[in-house]
Amino acid sequence: MSGHDTLLSHDYDGIKEYDNNLPLWWLGLFWLTIFFSAGYVLYYHYGPGPSAEQVLALQVEIAEKERLARMPQTAEPASVEQALLKLASNTEALAAGKQVYDTRCLACHAAQGQGLVGPNLTDDFWIHGGKITDVKRIVEEGVLAKGMLAWKALLSERELDSVVAYIWSLHGSNPPNPKAPEGAHVPR
Ligand code: HEC
């Protein structure tokens, strides 16, 4: 320090201090923080600056969008019906379903689903309902009095779903020698 430093008279446990001016860089920083705080208050409290709540809401919104964007690949189909309808356009499932059909169902519903002992499965007429979930229900529970078995006990869940999908895909195929319509008209 320079020679004109003058000591202050007080003494803290033997520590003394000079009465010098504050260094310019320090004063500069000090004033800078004051100006900054004034600007901060004006911008965030009275101006257009977003509040903490608004920032949070924005971040939540972005996170939610990202979550939704990830959904389609992992999401479960909204319902059993949609899952079955999706299977009905899946070639692998249809091939598996045809195999089940040819070994288990063909004898009564005929090779192309046109009907024999059992009803025609390719037309717009259904005894037990024309939704894909109705088809699944009847295949699972059967109509024992008429000779249609409850296939739930005899087929795996996958075999059941694929044969239901296969039957659904036969709609409108107009096979030769169809059995006369039975049941109610349920156009698809
Ligand atoms: C032993 C003969 C027989 C076999 C084998 C058979 N069904 Fe049937 N099925 C029937 C008969 C008979 C009906 C009609 C029941 C009625 O009149 O209520 C029927 C009805 C149905 C119906 C409902 C049709 C409607 O109009 O509502 C579906 C769907 C069906 N069968 C699918 C299948 C599938 C899939 C298989 C093979 C896993 C199969 N069936 C095997 C005899 C059979």
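Our subject is the structure that appears above.
Residues numbered from 1 in each chain as written. Predicted model: local features only at pLDDT ≥ 70, side-chain atom pairs only at ≥ 80, totals over all residues. Heavy atoms only, no water.

## Quick notes on the coordination of the iron atom of the ligand
Six octahedral donors around a metal ideally make angles of 90 or 180 degrees; four tetrahedral donors ideally make 109.5 degrees. Here is the rule: In this description, a donor is an N, O or S atom within 2.8 Å of the metal centre, a cutoff extended to 3.2 Å for sodium, potassium and calcium. Water is not part of the atom list, which can make sites seem incomplete. Only two sets of limits are used to name each site, 85 to 135 degrees for every angle of a tetrahedral four-donor site, and over 155 degrees for opposite donors with all other angles from 65 to 115 for a square planar four-donor or octahedral six-donor site, with any other site named irregular. Helix numbering and strand numbering both begin at the N terminus, where a helix is a DSSP run of H or I of at least 4 residues and a strand a DSSP run of E of at least 2. Partly exposed describes any residue whose relative accessible area lies between the buried limit of under 20% and the exposed limit of over 50%, with all areas from a 1.4 Å probe on protein chains only and scaled to the type maximum.
Around the iron atom of the ligand, the protein supplies His109 (NE2) and Met148 (SD) as donor atoms, at distances of 2.0 to 2.2 Å. The coordination sphere of the iron atom of the ligand comprises six donor atoms, whose angles at the metal cover 87 to 179 degrees; the geometry is octahedral. One end of the pair, histidine 109, is in helix α5 (residues 106-109); the other, methionine 148, is in the loop between α6 (132-141) and α7 (157-169), and 39 residues separate them in sequence. The burial state of histidine 109 is the same as that of methionine 148; both residues are buried.

## A few points about the packing of helix α3 (residues 80-87) against α6
Heads up, the condition is: In this analysis an axis means a line fitted to C-alpha atoms, helices contributing only their contacting stretch, and an angle means the value between N-to-C directions, from 0 to 180 degrees. The labels follow the angle: roughly parallel below 35 degrees, roughly antiparallel above 145, roughly perpendicular from 65 to 115, and oblique for the rest. Contact between two residues is taken to exist if any of their heavy atoms lie within 4.5 Å; hydrogens are not considered. Residue type decides the class: Asp, Glu, Lys and Arg count as charged, Ala, Val, Leu, Ile, Met, Phe, Trp, Tyr, Cys and Pro as nonpolar, and the leftover types, Gly among them, as polar.
Two elements in contact, α3 and α6, have axes separated by 9 Å at closest approach and are oriented at 90 degrees. It follows that α3 is roughly perpendicular to α6 by the angle criterion. Between α3 and α6, the residues in contact are Val80, Glu81, Leu84 and Leu85 and Ile132, Thr133 and Lys136, respectively. Counted by class, the contact of α3 with α6 contains four nonpolar, one polar and two charged residues.

## Re the nonpolar core
Buried together is how nonpolar side chains tend to be arranged in soluble globular proteins. Note the cut-off: Here, the term nonpolar core denotes a set of buried Ala, Val, Leu, Ile, Met, Phe, Trp, Tyr and Cys residues that are joined through side-chain atoms within 4.5 Å.
Tyr101, Val135, Val139, Trp151, Val163, Val164 and Ile167 are the most contacted members of the largest nonpolar core, which has 23 residues in total. Within the residue set of this core, elements represented by two or more residues are α4 (91-104), α6 and α7. Here the element with the most residues in this core is α7; it accounts for seven residues.

## Overview of the site of the ligand
How we decide: Any residue with a heavy atom positioned within 4 Å of a molecule or strand is treated as near that molecule or strand. Here a polar contact means two N or O atoms within 3.5 Å. Within protein one must be a hydrogen donor candidate and the other an acceptor candidate, and residues neighboring in sequence count only if both atoms are side-chain atoms. Put plainly, a pocket is an open set of points on a 1 Å grid over the protein atoms alone with protein on both sides within 12 Å along at least five of seven lines, a cavity is a set where a 1.4 Å probe fits but cannot get out, and a lining residue has an atom within 4 Å of a point. Any molecule with more than half of its atoms within 2 Å of a cavity's or pocket's grid points is regarded as sitting in that cavity or pocket.
Close to the ligand lie 21 residues, the nearest being Cys105, Cys108, His109, His128 and Met148. Take histidine 109: an N or O atom from its side chain is 2.8 Å from a nitrogen atom of the ligand. At 2.8 Å, a backbone N or O of isoleucine 127 approaches an oxygen atom of the ligand. Applying the majority rule of atoms within 2 Å of the grid points places the ligand in the largest pocket. If you list the elements that add at least two residues to the shell around the ligand, you get α5, α6 and α7. Of all the elements, α6 adds the most residues to the shell around the ligand, at three residues.

## Some words on α6
For α6, the buried fraction is high: seven of the 10 residues fall into the buried class. Taken residue by residue, α6 has Ile132, Asp134, Val135, Lys136, Ile138, Val139 and Glu140 as its buried positions. Buried residues along α6 sit in contact with α3, β1 (125-126) and α7.

## Some details on the packing of aromatic side chains
Definition in use: Pairing of aromatic rings covers Phe, Tyr and Trp, the last counted by its six-membered ring, and requires centre-to-centre distances within 6.5 Å; plane angles under 30 degrees mean stacked, over 60 mean edge-to-face, and any other angle means tilted.
Counting across every chain of the model gives seven aromatic pairs. An angle of 40 degrees between the planes, with centres 4.7 Å apart, marks the rings of tyrosine 40 and tyrosine 44 as tilted. One end of the pair, tyrosine 40, and the other, tyrosine 44, are both in helix α1 (residues 24-46), four residues apart, so they sit about a helical turn from each other. Of the residues examined, tyrosine 40 reaches a relative accessible area of 40% and is grouped as partly exposed.

## Digging into the layout of surface pockets
Going by this rule: Grid points are joined across faces, edges and corners, and a volume is the space filled by probe spheres set on the points.
Computed from the structure, the largest pocket encloses a volume of approximately 620 Å³. Surrounding the largest pocket, 31 residues form its lining, His109, Gly118, Pro119, Ile138 and Met148 being those nearest its centre. Elements supplying a minimum of two residues to the lining of the largest pocket: α5, β1, α6 and α7. Broken down by element, the residue count for the lining of the largest pocket peaks at four residues, all from α6. For the second largest pocket, the calculated volume is near 180 Å³. Forming the boundary of the second largest pocket are Leu87, Asn90, Glu92, Ala93, Ala96, Arg158, Glu159, Asp161 and Ser162. Secondary-structure elements contributing two or more residues to the lining of the second largest pocket are α4 and α7. By residue number, the principal contributor to the lining of the second largest pocket is α7, which donates four residues. Of the residues contributing to the lining of the second largest pocket, the split by class is three nonpolar, two polar and four charged.

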